[in-house]
Amino acid sequence: MSVLDDFRLDGRASIVTGASRGLGKAMSEALAEAGSHIVLAARSEEALNTIADGIQTLGVRALAVPTHVEKEEELDRLVEQTVGEFGRIDVLVNNAGTTARHPAIDFPIEEWDRVLAVNLRSVFLLCQKVARVMMRQGGGKIINVASLLSEVGVGLIPPYAASKGGIRQLTKSLAVEWAEHNICVNAIGPGYFRTALTEGLYQDRERYEQIIDRLAIKRWGRPEDLKGAVVYLASKASDYVTGQVLYVDGGYLAG
Ligand SMILES: NC(=O)c1ccc[n+]([C@@H]2O[C@H](COP(=O)([O-])OP(=O)(O)OC[C@H]3O[C@@H](n4cnc5c(N)ncnc54)[C@H](OP(=O)(O)O)[C@@H]3O)[C@@H](O)[C@H]2O)c1
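Residues numbered from 1 in each chain as written. Predicted model: local features only at pLDDT ≥ 70, side-chain atom pairs only at ≥ 80, totals over all residues.

(A) Representation of the environment of Gln-137. With respect to the helices and strands, Gln-137 occurs in helix 4 (residues 109–137). Once the C-alpha coordinates of Gln-137 and Asn-182 are considered, the two residues, 45 residues apart in sequence, prove to be 9.8 Å apart. (Helix = DSSP H or I, 4+ residues; strand = E, 2+ residues; numbered from the N terminus.)

Below you can see the structure in the form of structure tokens.
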């Protein structure tokens, strides 16, 4: 036995939300490369099917389950289909996320509600539903996706910041409550990664330069930069780690 065996995920069943592109796609591929079967959830069915086809070439099974995370009945269906297909859920990655950008003083409350529903309410609901399965089977790993906005403030995105601050505290609370069930609850806090979510920011040269200035490692993140962190937190290698936010941020918070 080598320590590297502790990082393997052979035969596990993992759900990844927001798996249709960006960070969720990369994390799904990472878990599959480590040997896990993957259940891919997001709204874009065609993208999920294409990613599932790619993942199956790695020799694991991949199931695409179109899911709108704001709809509780669709979260129930996601859990039912996963258990139906694999009989268990070993890993849950709560990655689906969205944002909206307006001055706080005029922020439309409907947009506030939508961002909180996707980024925080759905995460709690899915944690509950999946933890019931994990408790029955004797344990599991939950990985939420936080953000630098779990720690620092940035203007114009108050519900996003509130939701990601909430993710940090939700992660810690669930970690404390569910440790006795052998469920580890951690989060990954990505720094600045170029995806559909951040393309506007990436194209804004002034903000782009400000971000590069503060980064210790002078480049934006690439989705592949999250692969090691997600496999670590999903695997036996992190069995004594719970309630943590692992920032993968090029040293942004260090400065
Ligand atoms: N990019 C960054 O720099 C960065 C930094 C820190 C944290 N994050 C976090 O990382 C996560 C992934 O972000 P990303 O950058 O990869 O963004 P992205 O490319 O926009 O991907 C977002 C994913 O979430 C899914 N999604 C959005 N709303 C949904 C809904 N109502 N129901 C189901 N799925 C939904 C999208 O799929 P569909 O549209 O197909 O539904 C997509 O797969 C988010 O939680 C984000 O807050 C990103």
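(B) View of the packing of helix 4 against helix 5 (residues 158–178). Viewed as axis vectors pointing N to C, helix 4 and helix 5 meet at an angle of 15 degrees, and their least axial separation amounts to 9 Å. When the interaxial angle is binned, helix 4 and helix 5 end up roughly parallel. Helix 4 and helix 5 meet at a crossing whose hand is right-handed. Contacts between helix 4 and helix 5 involve Glu-111, Trp-112, Val-115, Leu-116, Asn-119, Leu-120, Val-123, Phe-124, Cys-127 and Ala-131 from the former and Pro-159, Tyr-160, Ala-162, Ser-163, Lys-164, Gly-166, Ile-167, Leu-170, Leu-174 and Trp-178 from the latter. The residue makeup of the contact of helix 4 with helix 5, split by class, is 15 nonpolar, 3 polar and 2 charged. (Axes fitted to C-alpha atoms, helices over the stretch in contact; angles between N-to-C directions. Parallel < 35°, antiparallel > 145°, perpendicular 65-115°, else oblique. Left-handed = near helix turned anticlockwise from the far one by under 90°. Contact = placed C-beta atoms within 7 Å. Nonpolar A, V, L, I, M, F, W, Y, C, P; charged D, E, K, R; others polar.)

(C) Seen up close, the sheet that holds strand 7 (residues 245–248). Ordered in space as 3-2-1-4-5-6-7, the 7 strands form an open sheet in which the pairing is parallel. Strands with a single pairing partner mark the edges of an open sheet, and in this sheet they are strand 3 (62–66) and strand 7. Taken pair by pair, the neighbouring strands of this sheet meet at an average axis angle of 15 degrees, ignoring direction. With respect to the sheet, helix 5 is in contact with strand 5 (140–145), strand 6 (183–190) and strand 7, its orientation differing from that of strand 6 by roughly 165 degrees. Sheet strands in contact with helix 8 (residues 227–234) are strand 1 (13–17), strand 4 (91–94), strand 5, strand 6 and strand 7, and its direction is about 145 degrees off that of strand 5. (Pairing = 2+ DSSP bridges.)

(D) Local environment of helix 5. Along its 21 residues, helix 5 runs 30 Å from first to last C-alpha, staying within 8% of the 30 Å computed at 1.5 Å per residue. Residues of helix 5 that are buried include every one of Pro-158, Pro-159, Tyr-160, Ala-161, Ser-163, Lys-164, Ile-167, Arg-168, Leu-170, Thr-171, Leu-174 and Trp-178, and no others. For helix 5, the elements touching its buried residues are helix 4, strand 5, strand 6 and strand 7. (Expected span 1.5 Å × (residues − 1). Buried ≥ 20, exposed ≤ 12 C-beta atoms within 10 Å, placed from the backbone.)

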